[in-house]
Amino acid sequence: MPVKSHPTIRVGWREWVRMPSAGLPWIKAKIDTGARSSSVHAFDLDRFERDGEPWVRFSIHPWQGSDEDAVTLERPIVDERVVRSSSGHSEERVVVELELVLARRRRTTEVTLSNRDEMGFRMLIGRETLLHGYVVDPAVSYLGPRPKLHLRRRNRGR
């Protein structure tokens, strides 16, 4: 299915992402053209039913190496799929839709929920999201908006 044409926005290999409707002002993300789907670090997954439909409650730690400022969300489960990591490990993951703001462009995208605690970034933006008018410049970082310095310092060294 052809993707609707969008003006192209240039992003670096890592960017700050906002999720305002989820109450998450900033999370640092790696832009990964090698990954099909986007993923976010989620923990305490609790599946339940609402009006006969499958939902999941989960929490997100927005800051690398910290459990401060956790945000708990509830979303309908849109899919469950097997995802293979770059190391070849396969894992079944819950898929939800989240509204993201990447480089000033707001869109709702599918995101897999995964334990990314040991990864360098709490969020990964994959090709399915990038298809909507983004071009990645691997030589630069943080071309889009970013939080104030005191918030960026929470992720220093990453």
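Provided above is the structure to which this section pertains.
Being a predicted model, the structure only gives us computed values, none of them experimental.

**Student:** It is not clear to me how the side chain of Arg 105 should be interpreted in this structure. Could you clarify?
**Tutor:** Along the chain, the position of Arg 105 falls in strand β10 (residues 105–114). Polar side-chain contacts of Arg 105 include one of 2.7 Å to the backbone oxygen of Pro 7. Contacts of Arg 105, omitting those with residues within four sequence positions, involve His 6, Pro 7, Ile 9, Leu 100, His 132, Gly 133 and Tyr 134.

**Student:** Explain the environment of His 89 here, please?
**Tutor:** Relative to the elements of secondary structure, His 89 occurs in the loop between β8 (79–84) and β9 (90–102). We classify His 89 as exposed; its relative accessible area is 52%. If near-sequence neighbours (up to four positions away) are discounted, His 89 is found in contact with Val 83 and Arg 84.

**Student:** How should the environment of Leu 130 be read in this particular structure?
**Tutor:** Note that Leu 130 resides in helix α1 (residues 127–130). Residue classification places Leu 130 among the buried residues on the basis of a relative accessible area of 7%. For the pair formed by Leu 130 and Ser 37, sequence separation is 93 residues and the distance between their alpha carbons is 9.6 Å. Leaving out residues up to four positions away in the same chain, Leu 130 has contacts with Ile 31, Thr 33, Ile 125 and Val 136.

**Student:** Explanation requested: the nonpolar core in the structure shown.
**Tutor:** General note: in soluble globular proteins, nonpolar side chains tend to be found buried as a group. Core analysis: the largest hydrophobic core is formed by 29 residues, its most contacted members being Met 19, Val 40, Met 123 and Ile 125. Of all the secondary structure elements, the ones that give two or more residues to this core are β1 (9–12), β2 (14–19), β3 (24–31), β6 (53–60), β7 (71–76), β9, β10 and β11 (123–125). A per-element tally of this core places β9 first, with five residues. Residues within four places of Met 19 in sequence aside, it is in contact with Leu 24, Ile 27, Val 40, Leu 98, Glu 99, Leu 100 and Met 123.

**Student:** Which parts of the structure should I look at to understand the pattern of salt bridges?
**Tutor:** Working definition: two side chains of opposite charge can pair if their charged atoms are close together. Summed over the entire model, instances satisfying the criterion amount to 10 salt bridges. A salt bridge links Asp 137 to Arg 10; the nearest nitrogen and oxygen atoms lie 2.8 Å apart. Taken together, the positions of Asp 137 in strand β12 (residues 134–137) and Arg 10 in strand β1 put the pair 127 residues apart, joining distant regions of the chain. With a relative accessible area of 45%, Arg 10 lands in the partly exposed category. Where Glu 74 meets Arg 57, a salt bridge forms, and the shortest distance between an N and an O atom there is 2.7 Å. In this pair, Glu 74 sits in strand β7 while Arg 57 sits in strand β6, placing the two residues 17 residues apart along the sequence. Overall, the relative accessible area of 26% leaves Glu 74 in the partly exposed class. Taken together, the shared-partner salt bridges connect Asp 46, Arg 50, Arg 57 and Glu 74 into one network.

Cut-off values and rules
Each chain has its residues counted from 1, following the order in which its sequence is written. For this predicted model, a pLDDT threshold of at least 70 governs which residues receive local features, and a threshold of 80 or more governs which side-chain atom pairs are given and counted, while totals over whole chains, interfaces and linings are taken from all residues. Excluding hydrogens and water, the side-chain figures rest on all heavy atoms present in the structure. A run of H or I in DSSP becomes a helix once it reaches four residues, and a run of E becomes a strand once it reaches two; helices and strands are each numbered from the N terminus. Any pair of nitrogen or oxygen atoms within 3.5 Å is treated as a polar contact; in protein, a donor-acceptor pairing is required on top of that, and neighbouring residues in sequence qualify only through side-chain atoms on both sides. Contact criterion: two residues are considered in contact whenever any of their non-hydrogen atoms come within 4.5 Å of each other. Type-normalised accessible area, obtained with a 1.4 Å probe on protein chains alone, sets the label of each residue: buried when under 20%, exposed when over 50%, and partly exposed for intermediate values. Residue types Ala, Val, Leu, Ile, Met, Phe, Trp, Tyr and Cys, when buried and joined through side-chain atoms within 4.5 Å, form a set referred to as a nonpolar core. Whenever a carboxyl oxygen of Asp or Glu lies within 4 Å of a side-chain nitrogen of Lys or Arg, that contact is scored as a salt bridge.

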